[in-house]
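Single-letter residue listing:
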Amino acid sequence: MTATASRKPHRPMAASSAPLSVARRGFSLLEIMLVVLIMGILASVTIVALRGRLETARIDATKVKMSQIKNALLEFNGRNGVYPDTLQPLFTGANRYLQEEPKDEWRNAFVYRYPGSSSDPERSYDLISAGPDRQFGTADDLDLWTMNNPAQ
């Protein structure tokens, strides 16, 4: 037997068992719309959940800034024997206690009053942020002396 005679005859490959008309096709418009709808619902739920956390984070960051201002005021009082009339001496001049003018997380200036409204000698000044609504005299105001009370 020769080398060519030992080869098996070439057979064409069998056609796919699925007919050509049932070949794989893309997603239908209804399927795509359903996926987009589900993604929209998930995104809106996520945004609502994160919005509350963002506001809490801003409140906490403002409280930290108020504590930093309190420390700067204590240091100023220690060096000068008196509290400043405004916050400006804390961030201007040669002896800076803060790097820049302090603002709350809503980009509003703090209200600082010396002497303060309390008769308590430990609370000789007032330091207040207008809070999330950016209006003073409302329930969401942050006061240095009451900001960590559970009712606040």
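Report follows, based on the coordinates. (Residues numbered from 1 in each chain as written. Predicted model: local features only at pLDDT ≥ 70, side-chain atom pairs only at ≥ 80, totals over all residues. Heavy atoms only, no water.)

## Here we look at the pattern of salt bridges
Enumeration according to the criterion identifies three salt bridges in this entry. Lys65 is the partner of Glu105 in a salt bridge, and the nearest nitrogen-oxygen pair spans 2.9 Å. Separated by 40 residues along the polypeptide, Glu105 in the loop between α2 (88-91) and β1 (111-113) and Lys65 in helix α1 (residues 29-80) bring together distant segments of the chain. Looking at Glu105, the relative accessible area reads 28%, which means it is partly exposed. (Salt bridge = Lys/Arg side-chain N within 4 Å of Asp/Glu carboxyl O. Helix = DSSP H or I, 4+ residues; strand = E, 2+ residues; numbered from the N terminus. Buried < 20%, exposed > 50% of the residue type's maximum accessible area, 1.4 Å probe, protein only.)

## Some words on the sheet that holds β1
An order of β1-β2-β3 is seen for the three strands of this open sheet, with the pairing classed as antiparallel. Both outer strands of the open sheet, β1 and β3 (142-143), are each paired with one neighbouring strand and no more. As paired strands, β1 and strand β2 (residues 126-129) are joined by three bridges and run antiparallel to one another. Residue pairing for β2: Tyr112 is matched across the bridge by Leu127. (Pairing = 2+ DSSP bridges.)

## Points about the side chain of Thr62
For Thr62, the location among the structural elements is in helix α1. Discounting residues that sit within four places of it in the chain, Thr62 has contacts with Asp104, Glu105, Trp106, Phe110, Ser129 and Leu142. (Contact = heavy atoms within 4.5 Å.)

## Things to note about a nonpolar patch on the surface
There is a patch of nonpolar side chains on the surface, built from Leu34, Leu37, Ile38, Ile41, Leu42 and Val45 and spanning about 580 Å² of accessible area. The residue Leu37 is located in helix α1 in this model. (Patch = residues over 30% accessible without salt bridge, like charges linked within 9 Å, V, L, I, M, F, W, Y side chains within 5 Å. Areas by Shrake-Rupley, 256 points an atom, 1.4 Å probe, with all protein chains shown as cover.)

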